[in-house]
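Topology and contacts: notes
Each chain is listed here by its residues.
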Amino acid sequence: MDPLYGQKSSYPKKNDLNENWVVVNAEDQILGRFASKVAQQLMGKNKPNFQPGTLIGDKVIITNAGKIRVSGNKMDTKKYYWHTGYFGGIKARTMREQMERDPAKIMTHAIKGMLPKNKVGSKLLTRIRVFNGDDHGMESQKPVAITL
């Protein structure tokens, strides 16, 4: 008897991949918990035919990114670093300063850290749209509002 009897796995076909647009509201959500739920939605872990390495998840529109919450005193202690490309060009900004400039980058950075670190993760990151207010202007995609 075959030792692998009954242990078959299926790989989703092209016609099984149905991508939906979903809208989630980030108002009064904790940043890390919210980002992990959005990452699961992007990867498709909520679908019954989930397969790692496939683009099976939904496309996500995030609204009210500027009204996200963080626990503790991360607003003053957490720093975002980047390099200008010149010698000694390391720059830093606190989370509060970054929130005043562009809260969408904070949300994108948090979600990026929870996606796979490979080509699939880079592809999944292109499937999110982050907006600071309620209006997203993407009604033509017919997004469905969900709560995470």
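Attention here is on the structure that accompanies the text. (Residues numbered from 1 in each chain as written. Predicted model: local features only at pLDDT ≥ 70, side-chain atom pairs only at ≥ 80, totals over all residues. Heavy atoms only, no water.)

**What to know about the overall build of the chain**
- When its secondary structure is counted, the chain shows 5 helices and 6 strands.
- Each helix and strand of the chain, ordered N terminal to C terminal, gives the series β-α-β-α-β-β-α-α-α-β-β.
- For the chain, whose C-alpha radius of gyration is 18 Å, the value lies well above the compact-globule estimate of 15 Å for 148 residues.
- For the C-alpha atoms alone, the extent of the chain along its principal axes is close to 65 × 40 × 30 Å.
- Scored against the burial criterion, the 148 residues of the chain give a buried share of 34%.
- Sequence-distant contacts in the chain: of pairs separated by 6 or more residues, those separated by 24 or more amount to 67%. (Helix = DSSP H or I, 4+ residues; strand = E, 2+ residues; numbered from the N terminus. Rg over C-alpha atoms; globule rule 2.2 N^0.38 Å. Buried < 20%, exposed > 50% of the residue type's maximum accessible area, 1.4 Å probe, protein only. Contact = heavy atoms within 4.5 Å.)

**A short note on the sheet that holds strand β2 (residues 59-63)**
- The strand order β5-β2-β1-β6 describes an open sheet built from 4 strands, whose pairing is parallel. Where the open sheet ends on each side, the last strands, each with one partner, are β5 (128-130) and β6 (144-145).
- Where β2 and β5 come together, 3 bridges link them in parallel fashion. Its bridge partner lying in β5, I61 is registered against R129.
- In the packing of helix α1 (residues 31-43) onto the sheet, the strands contacted are β1 (21-25), β2 and β5, and the crossing angle to β2 comes to about 155°.
- Strands in contact with helix α4 (residues 103-112) are β2 and β5; relative to β5, the strand with the most contacts, it is inclined by about 150°. (Pairing = 2+ DSSP bridges. Axes fitted to C-alpha atoms, helices over the stretch in contact; angles between N-to-C directions.)

**Some thoughts on the pairing of strand β3 (residues 79-83)**
- Sheet topology note: the β3/strand β4 (residues 90-94) ladder contains 5 bridges and is antiparallel. Directly across from W82, in β4, lies its bridge partner K91.

**Let's talk about the side chain of R93**
- Mapped onto the elements, R93 comes out in strand β4.
- We note that R93 is buried and unpaired, the nearest opposite charge coming from E97 at a distance of 5.1 Å.
- Excluding residues that lie within four positions of it along the chain, R93 makes contacts with K78, K79, Y80, W82, Q98 and R101. (Lys, Arg positive; Asp, Glu negative; His and termini not counted. Salt bridge = Lys/Arg side-chain N within 4 Å of Asp/Glu carboxyl O.)

**A look at the nonpolar core**
- Grouped together as the largest cluster of nonpolar side chains are 28 residues, with contacts concentrated most on L31, F34, V38, V60, I62, M107 and I111.
- Elements that contribute at least two residues to this core include exactly β1, α1, β2, α3 (95-101), α4 and β5.
- For this core, the leading source of residues is α1, giving 7 residues.
- In contact with I62, other than residues within four places in its own chain, are V24, A26, F34, V38, M107, I111, R129, V130 and F131. (Core = buried A, V, L, I, M, F, W, Y, C linked by side-chain atoms within 4.5 Å.)

**Structural notes on the pattern of salt bridges**
- For the coordinates displayed, the defined rule picks out 4 salt bridges.
- Of the charged contacts in the structure, one is a salt bridge between K59 and E19, with a shortest N-O distance of 3.8 Å. Of this pair, K59 sits in strand β2 while E19 sits in the segment before β1; the two residues are 40 residues apart in sequence, bridging distant segments of the chain.
- Here K59 falls in the partly exposed class, since its relative accessible area comes to 22%.

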